[in-house]
Amino acid sequence: SLSATSTTAININGGSVITTGAQTYTGPALLGADTTLTSTTSGAISFSSTLNSASGNRNLTVNAANGNITFTGAIGGTTPLGFLTAKALVSTNDISFGSTSNFNSASPITVIAGRNISLANTMTNSGTGAVYLRTDYTATGTGTVTVTTGNITATAGGVNIYYNPTTFGVQDTIYSGSGAATKYM
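Parameters and conventions
Residues numbered from 1 in each chain as written. Predicted model: local features only at pLDDT ≥ 70, side-chain atom pairs only at ≥ 80, totals over all residues. Heavy atoms only, no water. Phe/Tyr/Trp six-rings, centres within 6.5 Å; stacked < 30°, edge-to-face > 60°. Helix = DSSP H or I, 4+ residues; strand = E, 2+ residues; numbered from the N terminus. Buried < 20%, exposed > 50% of the residue type's maximum accessible area, 1.4 Å probe, protein only. pLDDT = per-residue confidence, 0-100. Contact = heavy atoms within 4.5 Å. Pairing = 2+ DSSP bridges. Axes fitted to C-alpha atoms, helices over the stretch in contact; angles between N-to-C directions. Polar contact = N/O pair within 3.5 Å; in protein donor to acceptor, adjacent residues only side chain to side chain.

## A few points about the packing of aromatic side chains
Line of reasoning, step 1. In this structure the tally under the stated criterion is 3 aromatic pairs.
Line of reasoning, step 2. Ring geometry for Phe47 against Phe71: centres 5.5 Å apart, planes inclined by 10°, an arrangement best described as stacked. Taken as a pair, Phe47 in strand E5 (residues 45–47) and Phe71 in strand E8 (residues 69–71) lie far apart in primary sequence, 24 residues in all.
Line of reasoning, step 3. For Phe71, a relative accessible area of 2% gives the class buried.
Line of reasoning, step 4. Considering the side-chain rings of Phe71 and Phe97, the 5.1 Å spacing of their centres and the 15° angle between planes classify their relative orientation as stacked. Placement of the pair is Phe71 in strand E8 and Phe97 in strand E10 (residues 95–97), with a sequence separation of 26 residues.
Line of reasoning, step 5. Residue class for Phe97 comes out buried when judged on its relative accessible area of 2%.
Line of reasoning, step 6. A network of ring pairs unites the aromatic residues Tyr25, Phe47, Phe71 and Phe97 as a single cluster.

## Considerations on the confidence of the model for the protein chain
Line of reasoning, step 1. Taken residue by residue, the protein chain gives an average pLDDT of 86. The fraction at 70 or more is 87%.
Line of reasoning, step 2. Predicted confidence is poor over residues 166–173, with pLDDT under 50, and the contacts of this stretch with residues over four places away or in other chains come to 16 contacts.

## What about the sheet that holds E8?
Line of reasoning, step 1. The sheet built from 7 strands is open, its strands ordered E1-E3-E5-E8-E10-E13-E16 with parallel pairing. Looking at strand neighbours, the two that pair on one side only are strand E1 (2–5) and strand E16 (145–147), the edges of this open sheet. Ignoring strand direction, the axes of neighbouring strands in this sheet form an average angle of 5°.
Line of reasoning, step 2. Here E1 runs beside strand E3 (residues 23–26); their pairing, made up of 4 bridges, is parallel. In the sheet register, Thr5 faces E3, and the bridge partner there is Thr26.

## Brief notes about the environment of Ser105
Line of reasoning, step 1. Note that Ser105 resides in the loop between strand E11 (101–103) and strand E12 (109–113).
Line of reasoning, step 2. On the accessibility criterion, Ser105 (7% relative accessible area) is buried.
Line of reasoning, step 3. When the C-alpha atoms of Ser105 and Leu84 are compared, they prove to be 8.9 Å apart, with 21 residues separating the residues in sequence.
Line of reasoning, step 4. Excluding anything up to four places from it in sequence, Ser105 contacts Gly82, Phe83, Asn125, Gly127, Thr128 and Gly129.
Line of reasoning, step 5. Here the side chain of Ser105 touches Ser107 through a polar contact of 2.9 Å, landing on its backbone nitrogen.

## Side note on the pairing of E12
Line of reasoning, step 1. Burial of E12 is extensive: 5 of the 5 residues sit out of reach of the surface.
Line of reasoning, step 2. The alternating pattern of E12 places Ile109, Val111 and Ala113 and Thr110 and Ile112 on opposite faces, both of which are buried.
Line of reasoning, step 3. Bridge count for strand E9 (residues 84–88) against E12 is 4 bridges, and the pairing is parallel. Along E12, the bridge assignment pairs Lys87 with Ile112.

Listed below in structure tokens is the structure:
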């Protein structure tokens, strides 16, 4: 397990952080370089505050083998991240975004959850890449996508949402941008 705490900044300066247990980042986090965070056996990966690129648009990959992924604060509120790939693939795992999420990437923003994805506010990719959200990865029939406030925007790329059709929580009006919005069941 890993627990990093700071009231000013947790500097994550690239490479890979691999643990068998949980990873907890308590305080504002700054990506100084492209980074991959992985929990290999069991354990959630969580950010309790803001997450920004220190400079440029840094890429983040987050893999939780058997745990939830939680972003409580704004992502890219000061400096947008490049791409985000977040995967929590076990059937009981969720991925949640507690505030706005801003990206600027030619690569897709990819979020894959074993069960649910929830966005408390707007998710935007101002680059040319698409936004992909997939729930119910293990096909148990329990996945939902929920957007509480705001919308999902891909400025030039498309928005693609894969979900369990009986529990779809996103309305057609939440999409914006020039790319196509496609829902898959």
